[in-house]
Amino acid sequence: MLEYDYLVVGSGLFGSVFAHEVNKNGKKVIVIEKRDHIGGNVYTEEISKINVHKYGAHIFHTDNKDIWDYIQKFAELNRYTNSPVALFKGELYNLPFNMNTFYQMWGVKTPVEAKKIIESQKKEANIKDPKNLEEQAISLVGKDIYEKLVKGYTEKQWGKKCSELPSFIIKRLPVRFTFDNNYFNDKYQGIPIGGYTKIVEKLLDGIEVKLSTDFFKDKEKWEKIADKIIFTGMIDQYFDYCFGELEYRSLKFEHKIHDIPNYQGNAVLNYTDKDVPYTRTIEHKHFEGIKYEKTVVTTEYPMPWKKGKEAYYPVNDEKNMEILRKYEELAENKENVIFGGRLGRYKYYDMWETIEESLKLVEKELNNKK
Ligand code: FDA
């Protein structure tokens, strides 16, 4: 028996939910976090009376009633509906692709007219077996939507040409033949009133947390402190990159305060033109409907990733998945270390999935011990 039952590495949603639940069940747990704040990428910070999503816009959405009920134990969520707008060479379009978009693009007013154009463009492209993302997208939505709303954004996001990206990245592109700008199809969505950091504060209330503490700076010490480690950092780093580095896309965020009450009239504005170096501007006050004379806008630039930079999106192509499988094999043989969360599993998880995965692990752990 070591000093703690669990060492949780990382105070993001995965680690914090896990720590909260096992602590509630009488386990002794300590959380270490390399950043100087808790919350991982859902961290929000109040700037000019506005909760700023410091690591990119986070909109909670799920179809899972249990997870929706779970998150509400820690925060009240408002009824925010995500309705992004896309800007392409001076033209504004509603997203996701719906009757408003088709009216803006072609002037069509009925679903029959819109379907006719999309079908004729798909037919004209005559792509039977899409070999890359470009062909896949054109075969799903036709040339106009692809060129104005998909191509530039996707190429900036991944740093590669759509013709060089694998087709499996987009299995489908949602097309809606109603005048409905709600981005998500999920039953439940909202933004926690007061920001996400408050949720994580509540999760970690009463739990020992050490900030600015990198597991790798004192690995030997941390490996001897608890019976089990829940590791939510990078799986390849844990194994000292012995099979090579897993690839990520990174992001750069520029936060700016503007002395006007309303900058862009919407929380999320996407820039789908490849010549604009950023992909999104986020005006945070619209998430919570905050009335104030100033506003904060974040510009999001996609960046290549290299060691030492923040890793945001895993590049789950075949080359990286092959490397991941080797790390997973090593992980399976480490009895006292469990890898979880988006970096530990090298997987893009939405917040509800992160919580669900963490709760599944809690159940497994608590039942194992009985
Ligand atoms: P997360 O990365 O949050 O936490 C891991 C923590 O471990 C970090 O705090 C890190 O500092 C720490 N750590 C790593 N290595 C360490 C070490 N060696 N020692 C100590 N600490 C270490 N989801 C959604 O549902 N709706 C949305 O709108 C969005 N939007 C969105 C935008 C962007 C830009 C991204 C990148 C992601 C989203 N998401 C999202 C996904 C969401 O961010 C995700 O589900 C959770 O943050 C994952 O939580 P984790 O705890 O797994 O990782």
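Note that this is a predicted model, so its numbers are computed, not measured.

J.: Is there a simple way to think about the site of the ligand in this case?
T.: The immediate surroundings of the ligand are formed by 32 residues, with Glu33, His58, Arg342, Tyr349 and Met351 found nearest. A distance of 2.7 Å separates an oxygen atom of the ligand from a polar side-chain atom of Glu33. Within the backbone of Tyr349, a nitrogen or oxygen atom sits 2.6 Å from an oxygen atom of the ligand. Out of a free accessible area of 1,000 Å², the ligand has 97% covered by protein chains. Among the secondary structure elements, those contributing two or more residues to the shell around the ligand are α1 (13-24), α12 (341-344) and α13 (351-369).

J.: Looking at this structure, I do not really get the pattern of salt bridges. What am I missing?
T.: In a structure, side chains of opposite charge can pair up when their charged atoms sit close to one another. Summed over all chains, the structure comprises 20 salt bridges. Close ionic contact of Asp69 with Lys65 constitutes a salt bridge, the shortest N to O distance being 2.9 Å. Remark: Lys65 and Asp69 occur in helix α2 (residues 65-71); sequence separation between them is four residues, near one turn of the helix. Owing to a relative accessible area of 35%, Asp69 belongs among the partly exposed residues under this scheme.

J.: Whenever I open this one, the domain arrangement of the protein confuses me. Can you help?
T.: Many descriptions give the size of an interface as the accessible area lost when the pieces come together. Each assigned domain of the protein is listed here: domain 1 (4-78 + 188-245 + 314-369) and domain 2 (95-169). For domain 1 and domain 2, the distance between their C-alpha centroids amounts to 36 Å.

J.: It is not clear to me how the sheet that holds strand β1 (residues 4-9) should be interpreted in this structure. Could you clarify?
T.: Strand pairing within a sheet occurs via backbone hydrogen bonds; the two strands may be parallel or antiparallel. Across the sheet, five strands lie side by side as β9-β2-β1-β10-β16; this open sheet has parallel pairing. The open sheet has two free edges, formed respectively by β9 (208-210) and β16 (337-339), since each of these has just one partner strand. Strand-to-strand twist in this sheet, taken as the mean axis angle between neighbours without regard to direction, amounts to 20°. Of the pairings in the sheet, the one linking β1 to strand β2 (residues 29-32) comprises four bridges and is parallel in character. Within the sheet, the bridge partner assigned to Leu7 lies in β2 and is Ile30. In the packing of α1 onto the sheet, the strands contacted are β1, β2 and β10 (226-231), and the crossing angle to β1 comes to about 165°.

J.: What is the right way to read the pairing of strand β7 (residues 91-94) from this model?
T.: Working note: regular strand, side chains alternate between the two faces of the sheet. Summarising the sheet, strand β6 (residues 85-88) and β7 pair through four bridges and their orientation is antiparallel. By the bridge assignment for β7, Val85 is matched with Asn94. Here β6 folds back onto β7 in antiparallel fashion, the turn holding two residues, of which Lys89 has a positive phi close to 45°.

J.: Honestly, the nonpolar core in this entry has me stumped. Any pointers?
T.: Within soluble globular proteins, side chains that are nonpolar tend to cluster in buried spots. One finds Phe18, Phe60, Ile230, Phe287 and Ile355 to be the most contacted residues of the largest nonpolar core, which totals 43 residues. At the level of secondary structure, the elements contributing two or more residues to this core comprise β1, α1, β2, α2, α7 (197-203) and α13. With six residues, the single largest contributor to this core is α1.

J.: Mind showing me how you'd approach the packing of aromatic side chains here?
T.: Inspection of every chain in the model, using the stated rule, returns 26 aromatic pairs. Between Phe215 and Phe216 the ring centres are 5.2 Å apart and the planes differ by 85°, which places this aromatic pair in the edge-to-face class. With a relative accessible area of 2%, Phe215 lands in the buried category. Aromatic side chains Tyr238 and Phe239 sit 5.0 Å apart centroid to centroid with 80° between the ring planes, which places their arrangement in the edge-to-face category. Accessibility expressed as a relative area gives 12% for Phe239, which makes it buried. Of note, Lys219 hangs over the ring of Tyr238, and the distance from its end group to the ring centre comes to 4.7 Å.

J.: Could you clarify how one ought to interpret α1 in this entry?
T.: Working note: α-helix, 3.6 residues per turn, so residues spaced by three or four point in the same direction. When the terminal C-alpha atoms of α1 are compared, their 16 Å separation across twelve residues agrees well with the 16 Å that a helix rising 1.5 Å per residue should span. Among the twelve residues of α1, ten are classified as buried, and the element is accordingly described as predominantly covered. Within α1 the residues assigned to the buried category are Leu13, Phe14, Gly15, Ser16, Val17, Phe18, Ala19, His20, Glu21 and Val22. Looking one or two places after α1, you find Gly26, whose phi comes out positive at around 85°.

Calculation criteria
Residues numbered from 1 in each chain as written. Predicted model: local features only at pLDDT ≥ 70, side-chain atom pairs only at ≥ 80, totals over all residues. Heavy atoms only, no water. Near = heavy atom within 4 Å. Polar contact = N/O pair within 3.5 Å; in protein donor to acceptor, adjacent residues only side chain to side chain. Areas by Shrake-Rupley, 256 points an atom, 1.4 Å probe, with all protein chains shown as cover. Helix = DSSP H or I, 4+ residues; strand = E, 2+ residues; numbered from the N terminus. Salt bridge = Lys/Arg side-chain N within 4 Å of Asp/Glu carboxyl O. Buried < 20%, exposed > 50% of the residue type's maximum accessible area, 1.4 Å probe, protein only. Domains from an automatic or database assignment. Pairing = 2+ DSSP bridges. Axes fitted to C-alpha atoms, helices over the stretch in contact; angles between N-to-C directions. Contact = heavy atoms within 4.5 Å. Core = buried A, V, L, I, M, F, W, Y, C linked by side-chain atoms within 4.5 Å. Phe/Tyr/Trp six-rings, centres within 6.5 Å; stacked < 30°, edge-to-face > 60°. Lys NZ or Arg CZ within 6 Å of the ring centre and 35° of its normal. Expected span 1.5 Å × (residues − 1).

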